[in-house]
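# What the coordinates show
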Amino acid sequence: MPVLSTLSAARGCLAVLALCAAAAPLSARAQNLLVNGSFEQGNWVDHGSGWARLASGSTALTGWTITGDPVAWSSPFNNERIVAADGQRALDMTGFGNENHQGGVAQTFATVAGASYQLSLMLGGVAAYGTPVQLRADVAGLQQVFSLLPGSGNTWAARSLDFTATAASTTLTLSGVYSVSGYYIGLDQVSVTAAVPEPRTTALLLAGLAMLGGLARRRDQKMSGSDTGAPKLVSR
């Protein structure tokens, strides 16, 4: 095969590799930039029926500050038999004792301006308490309302939001929005991760670049050899 044709084919392969990299999912093992994303740590005090009541401004929940109305923080032995999505504890954004509030939690974390991130969380609901349930996320100037129509029993569903940081630090606020009965809006397993390509994608791109570079060198060497052996015109 001619060298130029081989080089063209290599460029085509590299273009395909670049498209694969653009479509590649984020690494599932990326580090969570939030502290205590599953609400397992903090000064938990039973205010009755296996729930702790966290008032606005409270920092009893490690890494988080309560915003707006009070929030309820569950134990594994709560009277409503709510099972956490991750670990043993979760939040109810409607507050303690079905206060029908729209409580919130906030946390500030380090970011890089212009870099891409993904917020992920588990939204919970109980069909017997009415549907749907809604939760709002405010981060980096974006606002997103997540909804859930729970199935039977205690239901958890994954929700996510991609965003771009605008500063060296970013504040995430998660707030309850709506519940038909006002009894329960569950929140658990919150994470923010940086957009990092999977290792195999990076390896493919490097391999493609190496192949392209090698073929370019072959072309240069062959062209250089042809120039050396070519006849020269001698002027009289």
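So, about the overall build of the chain. Across its full length, the chain carries two helices and eleven strands. For the chain, the sequential pattern of α-helices and β-strands runs α-β-β-β-β-β-β-β-β-β-β-β-α. The buried share of the chain, taken over its 236 residues, is 37%. Restricting the contact set of the chain to residue pairs at least 6 apart, pairs at least 24 apart contribute 74%. When the accessible surface of the chain is totalled, it reaches about 12600 Å², and 55% of it is carbon and sulfur.

The sheet built from five strands is open, its strands ordered E2-E5-E10-E7-E8 with antiparallel pairing. With partners counted over all chains shown, the strands left at the sheet margins are strand E2 (65–68) and strand E8 (142–148), one partner each. Strand-to-strand twist of the sheet, defined as the mean angle between neighbouring strand axes without regard to direction, takes the value 25°. Across seven bridges, strand E7 (residues 133–139) lies against strand E10 (residues 169–179) in antiparallel orientation. Looking at E10, one finds that alanine 137 is bridged to leucine 174.

The subject of this paragraph is the side chain of aspartate 92. Note on placement: aspartate 92 falls in strand E4 (residues 91–92). Arginine 53 provides the closest opposite charge to the buried, unpaired aspartate 92, separated from it by 11 Å. There is a polar contact of 2.8 Å between the side chain of aspartate 92 and the side chain of threonine 94. Looking at aspartate 92, its side chain comes within polar contact range of the main-chain nitrogen of isoleucine 185, at 3.0 Å. For aspartate 92, the contacting residues outside a window of four places in its chain are Trp51, Val71, Ala72, Tyr183, Tyr184 and Ile185.

So, on to the sheet that holds strand E9 (residues 154–164). The strands that make up a sheet pair up through hydrogen bonds in the backbone, lying either parallel or antiparallel. Across the sheet, which stays open at both edges, the six strands sit in the order E1-E3-E4-E11-E6-E9 with antiparallel pairing between neighbours. One side of each edge strand has no neighbouring strand; the edge strands of this open sheet are strand E1 (51–54) and E9. Bridging between E4 and strand E11 (residues 186–194) involves two bridges; their strand directions are antiparallel. Pairing of aspartate 92 across the sheet is with glycine 186, part of E11.

What follows is about the pairing of E8. Bridge count between E7 and E8: seven bridges; the pairing is antiparallel. Paired with alanine 137 across the strands is glutamine 144, a residue of E8. Following E7, the chain reverses through two residues before pairing antiparallel with E8; alanine 140 in that reversal takes a positive phi of roughly 50°.

Looking now at the environment of leucine 172. By the element assignment, leucine 172 lies in strand E10. The exposure class assigned to leucine 172 is buried, which follows from its relative accessible area of 0%. When the C-alpha positions of leucine 172 and threonine 108 are compared, they lie 6.3 Å apart, and in sequence the two are 64 residues distant. The residues touching leucine 172, leaving out its near neighbours within four places in the chain, are Leu34, Trp64, Val105, Ala106, Gln107, Phe109, Leu119, Asp138, Val139, Val190 and Val192.

Here we take up the environment of alanine 157. Structurally, the position occupied by alanine 157 is in strand E9. Taking the C-alpha atoms as reference, alanine 157 lies 5.4 Å from leucine 123; in sequence the two are 34 residues apart.

In this model, the chain carries a mean pLDDT of 81, and residues with pLDDT of at least 70 account for 69%. Here residues 16–28 is modelled with pLDDT under 50, and outside its nearest four sequence neighbours on either side it reaches 14 contacts, counting other chains as well. Note that pLDDT drops below 50 for residues 230–236; the model gives that stretch zero contacts with residues more than four away or on any other chain.

Right, let's talk about the nonpolar core for a bit. In terms of nonpolar packing, the biggest core is built from 34 residues, with Leu91, Leu119, Leu121, Leu172, Leu174, Leu187 and Val190 touching the most fellow members. With near-sequence residues (within four places) excluded, leucine 121 lies in contact with Leu135, Phe146, Ala157, Ala158, Arg159, Leu174, Leu187, Asp188, Gln189 and Val190. Grouped together as the second largest cluster of nonpolar side chains are nine residues, Ala84, Ala90, Val126 and Trp156 included.

A few words on the environment of glycine 95. In this structure, glycine 95 sits in the loop between E4 and strand E5 (103–110). Its relative accessible area of 2% is what places glycine 95 among the buried residues. Taking the C-alpha atoms as reference, glycine 95 lies 8.9 Å from alanine 55; in sequence the two are 40 residues apart. Those residues in contact with glycine 95 that sit more than four places away from it in its chain are Pro70, Val71 and Ala72.

What counts, and at which threshold
- Residues numbered from 1 in each chain as written.
- Predicted model: local features only at pLDDT ≥ 70, side-chain atom pairs only at ≥ 80, totals over all residues.
- Heavy atoms only, no water.
- Helix = DSSP H or I, 4+ residues; strand = E, 2+ residues; numbered from the N terminus.
- Buried < 20%, exposed > 50% of the residue type's maximum accessible area, 1.4 Å probe, protein only.
- Contact = heavy atoms within 4.5 Å.
- Areas by Shrake-Rupley, 256 points an atom, 1.4 Å probe, with all protein chains shown as cover.
- Pairing = 2+ DSSP bridges.
- Axes fitted to C-alpha atoms, helices over the stretch in contact; angles between N-to-C directions.
- Lys, Arg positive; Asp, Glu negative; His and termini not counted.
- Salt bridge = Lys/Arg side-chain N within 4 Å of Asp/Glu carboxyl O.
- Polar contact = N/O pair within 3.5 Å; in protein donor to acceptor, adjacent residues only side chain to side chain.
- pLDDT = per-residue confidence, 0-100.
- Core = buried A, V, L, I, M, F, W, Y, C linked by side-chain atoms within 4.5 Å.

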